[in-house]
Amino acid sequence: MRVLLIGGGGREHALAGALAASPRLSKLFAAPGNAGIANVAECVPLDSSDSRAVVDFCRKEAIDLVVVGPEGPLVAGLVDRLKEAKIRAFGPSAAAAQLEGSKVFTKALCAEENIPTAGYEAFSDRKSALAYVEKHAMPVVVKADGLAAGKGVTIATTPEDARKAVEAIFLEDGAQVVIEEHLVGEEASFFVLCDGKTARPLTTAQDFKRAYDGDEGPNTGGMGAYSPAPVMDVATQARTMREIIEPTLAAMAKRDMPFCGVLYAGLMITADGPKLIEYNVRFGDPECQVLMMRLESDLLALLDAAVAGTLDRTSIAWRKEPALTVVMAAKGYPGPYEKGSIIKGLEEAAAVEGAKVFHAGTRRVDDDILAAGGRVLNVGAIGADLTEARKRAYEAVGRIDWPEGFCRSDIGEAASRRG
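A short tour of the structure in this document, coming up. Along each chain, numbering runs from 1 in the same order as the chain's sequence is written. Reporting of local features is limited, given that this is a predicted model, to residues whose pLDDT is at least 70; pairs of side-chain atoms are given and counted only at 80 or more, and all residues count toward the totals for whole chains, interfaces and linings. Hydrogens are left out, water is left out, and the side-chain values use all remaining heavy atoms of the structure.

**Topic: the sheet that holds strand 6 (residues 120-123)**
For step 1, the next point in the chain: Strand order in this open sheet of 4 strands is 6-9-7-8, and the pairing throughout is antiparallel. Two strands close off the open sheet at either side, each with one partner strand: strand 6 and strand 8 (153-156). Averaged over all adjacent pairs, the angle separating strand axes in this sheet is 20°, with direction ignored.
For step 2, the next point in the chain: The pairing criterion is simple: DSSP has to find at least two bridges between the two strands. Each helix is a run of DSSP H or I of at least 4 residues and each strand a run of E of at least 2, with the numbering of both proceeding from the N terminus. Bridging between strand 7 (residues 140-144) and strand 9 (residues 177-181) involves 5 bridges; their strand directions are antiparallel. Bridging across to strand 9, Val140 finds its partner in Glu181. Note on definitions: angles span 0 to 180 degrees between N-to-C directions of axes, and those axes are lines fitted to C-alpha atoms, for helices only across the stretch in contact.

Listed below in structure tokens is the structure:
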């Protein structure tokens, strides 16, 4: 199969490596790709927001399957445009992608279908939102309605924090805000592969959103992850499928928005059971990196079956060993940061037993690898247990020579202590 992968981050590097390992693959393109993806795919300068250019490229190169990595093109309707052109594509339609693209849509669906989630109110005007936080007990969670790359969420512990978050969101024209109760428990990520009719559980992960050790600092797109998540035992996974995933998919089908793609449920495991925090409609980043390190099945075969509607005939196998990844980001991220610094030691890092280095925001200039984004590298490893995976990942981090970067030092620390 000839495949076009849309995206250029760490998630797409992980997907590219798994796709390249498939015996079904004859040619892999990536748009735009990055310095790491270029080792396993031909990178092409396609703008995913230009659906006509993507369609023309697919026709010229006889692409058999387009795999859309990031949420932006999904919410914007790239899959719809490809399907209109009779080009097979993995990912949800724009209508189905509202599960990530609009928190107001998802919260309303949960309320209508009695899907366990945090209590909430939605506001389309600043004055009403500010009045609400003035009278509501703290803490609350303030969320921008649309896509925010994992950074449009504030856990407000004081009315002043809540006011600042609301004011910042309403600086944008047409903004909407969701204000939720603050759930207490342990967070986990649960992934499901869907073909519009059949939903197959994939596996679980736990990610770390805050920028600094001890879950301090601003929210980011993710600073590390490990898989599986011990808090998501077999019974909790079954309950999540029964109470959250299956009612959601049934509701989407009822609304003539059948979901095809990866549905990623961000969950809070509370004393009352799993509750939905949010949906994403694609593989997470950096969760995808640890998932792909553990996946034994042929990724291309699975994605092809999802598009064909034949997931009911597939099986999915995983390595039992856990995997962990650490994000290395440019100093200043998620705020302003500089690009162009040289990164050394990547081969030495990858030589650590069980380790893999995924490129996120990188580019190659001659023989140098340069930082070209906020989150720049994902340094991961697999091990006999989480303690070993963590030790290997941080050993690999220590071999990378990049003074302009930083990472958290506590990814998976608490979970590895619990054993």
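**Comments concerning the packing of aromatic side chains**
For step 1, the next point in the chain: Here the aromatic set is Phe, Tyr and Trp, taking the six-membered ring for Trp, and pairing holds for ring centres within 6.5 Å; pairs whose planes are under 30 degrees apart are stacked, those over 60 apart are edge-to-face, and all others are tilted. A full pass over the atoms with the stated rule returns 5 aromatic pairs.
For step 2, the next point in the chain: Residues Phe29 and Phe57 carry aromatic rings whose centres are separated by 5.2 Å and whose planes lie at 90° to one another, so their mutual orientation is edge-to-face. With Phe29 in strand 2 (residues 27-32) and Phe57 in helix 2 (residues 51-60), this pair connects stretches of sequence that are 28 residues apart. With respect to class, Phe29 is no different from Phe57; both count as buried.
For step 3, the next point in the chain: Above the face of the Phe29 ring, Lys27 is positioned so that its terminal group lies 5.2 Å from the ring centre. Classification of residues uses two cut-offs on accessible area relative to the type maximum, computed with a 1.4 Å probe and protein chains only: under 20% is buried, over 50% is exposed, and between them is partly exposed. Placement of a positive charge over a ring is assigned whenever Lys NZ or Arg CZ falls within 6 Å of the ring centre and within 35 degrees of the normal to the ring plane.

**With respect to the environment of Leu4**
For step 1, the next point in the chain: Structurally, the position occupied by Leu4 is in strand 1 (residues 2-7).
For step 2, the next point in the chain: Note on contacts: a residue pair is in contact if any heavy atoms of the two residues lie within 4.5 Å. Among residues more than four places away in sequence, those in contact with Leu4 are Phe29, Ala30, Ala31, Leu46, Val54, Phe57, Cys58, Ile63, Leu65, Val66 and Val67.

**Re the pattern of salt bridges**
For step 1, the next point in the chain: In the sections that follow, a salt bridge refers to a side-chain nitrogen of Lys or Arg positioned within 4 Å of a carboxyl oxygen of Asp or Glu. Evaluated as defined, the whole model comprises 27 salt bridges.
For step 2, the next point in the chain: Linking Arg399 and Glu395 is a salt bridge whose minimum nitrogen-to-oxygen distance equals 2.9 Å.
For step 3, the next point in the chain: Ionic contacts of the salt-bridge type, sharing partners, join the residues Arg11, Glu12, Glu71, Glu100 and Arg282 into one network.

**Here's the deal with helix 13 (residues 386-398)**
For step 1, the next point in the chain: With 13 residues, helix 13 should cover 18 Å at 1.5 Å per step; its first-to-last C-alpha distance of 18 Å lies within 8% of that length.
For step 2, the next point in the chain: Within helix 13, the full set of buried residues consists of Leu386, Ala389, Arg390, Arg392, Ala393, Tyr394, Ala396 and Val397.
For step 3, the next point in the chain: Against strand 14 (224-227), strand 17 (323-330), helix 12 (346-350), strand 19 (355-359), strand 22 (375-382) and helix 14 (413-418) lie the buried residues of helix 13.
For step 4, the next point in the chain: With a side-chain oxygen lying 3.3 Å from the backbone nitrogen of Thr387, the N-terminal cap of helix 13 falls on Asp385. Each helix should span, by expectation, one fewer than its residue count multiplied by 1.5 Å. Polar contacts here mean pairs of N or O atoms no more than 3.5 Å apart (in protein, one a potential hydrogen donor and the other a potential acceptor; neighbouring residues in sequence count only if both atoms are side-chain atoms).

**Focus on empty space enclosed by the protein**
For step 1, the next point in the chain: Only protein atoms enter the 1 Å grid, on which a cavity is a set of points fitting a 1.4 Å probe that cannot get out and a pocket is an open set with protein on both sides within 12 Å along at least 5 of 7 lines, lining residues being those with an atom within 4 Å of a point. Grid points are joined across faces, edges and corners, and a volume is the space filled by probe spheres set on the points. A full pass over the atoms with the stated rule returns 2 cavities of 30 Å³ or more.
For step 2, the next point in the chain: Along the walls of the largest cavity sit 15 residues, with Val68, Gly69, Phe90, Arg282 and Phe283 positioned nearest its centre.
For step 3, the next point in the chain: Contributing elements (two or more residues each) for the lining of the largest cavity: helix 1 (10-20), strand 4 (65-68) and strand 15 (260-270).
For step 4, the next point in the chain: Put simply, Ala, Val, Leu, Ile, Met, Phe, Trp, Tyr, Cys and Pro go in the nonpolar bin, Asp, Glu, Lys and Arg in the charged bin, and everything else, Gly too, in the polar bin. Broken down by class, the residue content of the lining of the largest cavity amounts to 10 nonpolar, 3 polar and 2 charged.
For step 5, the next point in the chain: By volume, the second largest cavity is sized at about 50 Å³.
For step 6, the next point in the chain: Together, Leu193, Leu202, Phe283, Met292, Leu295, Leu299, Leu302, Leu303 and Trp318 line the second largest cavity.
For step 7, the next point in the chain: Grouping the amino acids of the lining of the second largest cavity by side-chain chemistry returns 9 nonpolar, no polar and no charged.

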